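# Coordinate inspection notes
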Amino acid sequence: MKGRLIALDHVQGREAAALMVDGRLDDILIETDKPRPGTIYRATADRPLKGQGGMILNTPDGTAFLRHGKGIAPGDALLVQVTGYAEDGKAVPVTSKVLFKSRYAIVTPNAPGRNISRSIRDDGIRDQLAEIAHESIGDRTYGLILRSSCANADAEDIAEDITAMVDLADQVMGSAAGAEPEVLLEGDGPHVVAWREWTAKATVETAQGSFEDHGVLDALEELTQPKVSLGPSGSMYVEPTRAMVAVDVNTGNDTSMAAGLKTNLAVAKELPRQLRTRGLGGQIVLDLAPMQKKERRTFESALRGALRNDPMETALVGWTLLGHFELQRKRERVALSEVLK
């Protein structure tokens, strides 16, 4: 099937959302048993982590880690928001810079200012959005970011979205006072996140069994296997370990001088989708096919371009002495292998 399709269904009894692009699984969101990113707690400070500048907090869902704990004393109560998923045995990562994110607007109570996505360049649209923002947020001192999805949205829908987020911010910020840890706002589930983030025009299927009908279950089965075919260019193996994600690249039967670069460029194009759909993050080490050192820049440019449209924050760290290439990717999801045990 050509075009974009969003399927909302369940996998193993868990709420899930899948994005199919031209018949291929481009993204998948599956509910987990861990606290959702976006969840807001009233937490209490437990103890500082010496040498790291962070603070361990107590929440209703267990311990959390706040990276910047300067000025916070044990016993202090504060609002924090979950930023990602913790590795097994580690505290949930949180930030004190809470925000309220929806399809068109992001409200930032602790960061004043009105901003419009830089991807919206039409001056007329920007002026219209600035007017909508001014009328919707009123005299509140909250910060506001209008997202790129506003470019083609109805003015009334944008205004309603801003108002809803401002009202939600009022409700949560008004509950900040208190001494006991408490969940003040649950993070969004897969179906809401799909509506919030997958804003490009798409067909939406909500019927039970839509995953089977559109090949999502078959795609998930493929993702449980480490081997990824790159067509005539060869293959790669994507294997998560406790320390890192290892990616091994093979050229297959092609023994020509150009085989290494050709295969590595295919890896650059496919790797973001594989990491995204497998839910992999942290340290990623690529054992690429042999190529000349002068071709490394070409590979880096291709990988940087492929990652440009990927929603996960990924840093290109560089080359090791052994010739491996390293990435550092934010852990925003639980590995698919853990969710579908």
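Scroll up to find the structure.
The present account deals with the structure reproduced in this document. What you see is a predicted model; the values in this text were computed from it and never measured.

## Side note on the sheet that holds strand β12 (residues 143–146)
Reading across from one edge, β9-β10-β12-β11 is the order of the four strands in this open sheet, with mixed pairing throughout. In this open sheet, the two strands that pair with only one neighbour each are β9 (100–101) and β11 (114–116). One ladder, built from two bridges, connects β9 with strand β10 (residues 105–108); its direction is antiparallel. Within β10, the residue paired with Lys101 across the bridge is Ile106. Each of β11 and β12 touches helix α1 (residues 123–137); the most contacted strand, β11, lies at about 145 degrees to it. Sheet strands touched by helix α2 (residues 155–173): β9, β10 and β12. Its angle to β10, the strand with the most contacts, is close to 30 degrees.

## A word on the packing of aromatic side chains
This structure, assessed with the given rule, holds three aromatic pairs. Aromatic side chains Trp319 and Phe325 sit 4.9 Å apart centroid to centroid with 65 degrees between the ring planes, which places their arrangement in the edge-to-face category. Take Trp319: its relative accessible area is 24%, and that puts it in the partly exposed class. By the ring-pair criterion, three or more aromatic residues cluster together here, those being Phe299, Trp319 and Phe325.

## With respect to the layout of surface pockets
If you add up the space inside the second largest pocket, you get close to 870 Å³. Surrounding the second largest pocket, 26 residues form its lining, Phe65, Arg67, Thr83, Pro93 and Val94 being those nearest its centre. Counting only elements with at least two residues in the lining of the second largest pocket, the list comes to β6 (62–66), β8 (92–95) and β20 (325–329). The greatest single-element share of the lining of the second largest pocket, amounting to three residues, is contributed by β8. Tallied by class, residues from the lining of the second largest pocket come to 10 nonpolar, eight polar and eight charged.

Calculation notes
- Residues numbered from 1 in each chain as written.
- Predicted model: local features only at pLDDT ≥ 70, side-chain atom pairs only at ≥ 80, totals over all residues.
- Heavy atoms only, no water.
- Pairing = 2+ DSSP bridges.
- Helix = DSSP H or I, 4+ residues; strand = E, 2+ residues; numbered from the N terminus.
- Contact = heavy atoms within 4.5 Å.
- Axes fitted to C-alpha atoms, helices over the stretch in contact; angles between N-to-C directions.
- Phe/Tyr/Trp six-rings, centres within 6.5 Å; stacked < 30°, edge-to-face > 60°.
- Buried < 20%, exposed > 50% of the residue type's maximum accessible area, 1.4 Å probe, protein only.
- 1 Å grid on protein atoms, 1.4 Å probe; cavity = no way out; pocket = protein on both sides within 12 Å on 5 of 7 lines; lining within 4 Å.
- Points joined across faces, edges and corners; volume = space filled by probe spheres on them.
- Nonpolar A, V, L, I, M, F, W, Y, C, P; charged D, E, K, R; others polar.

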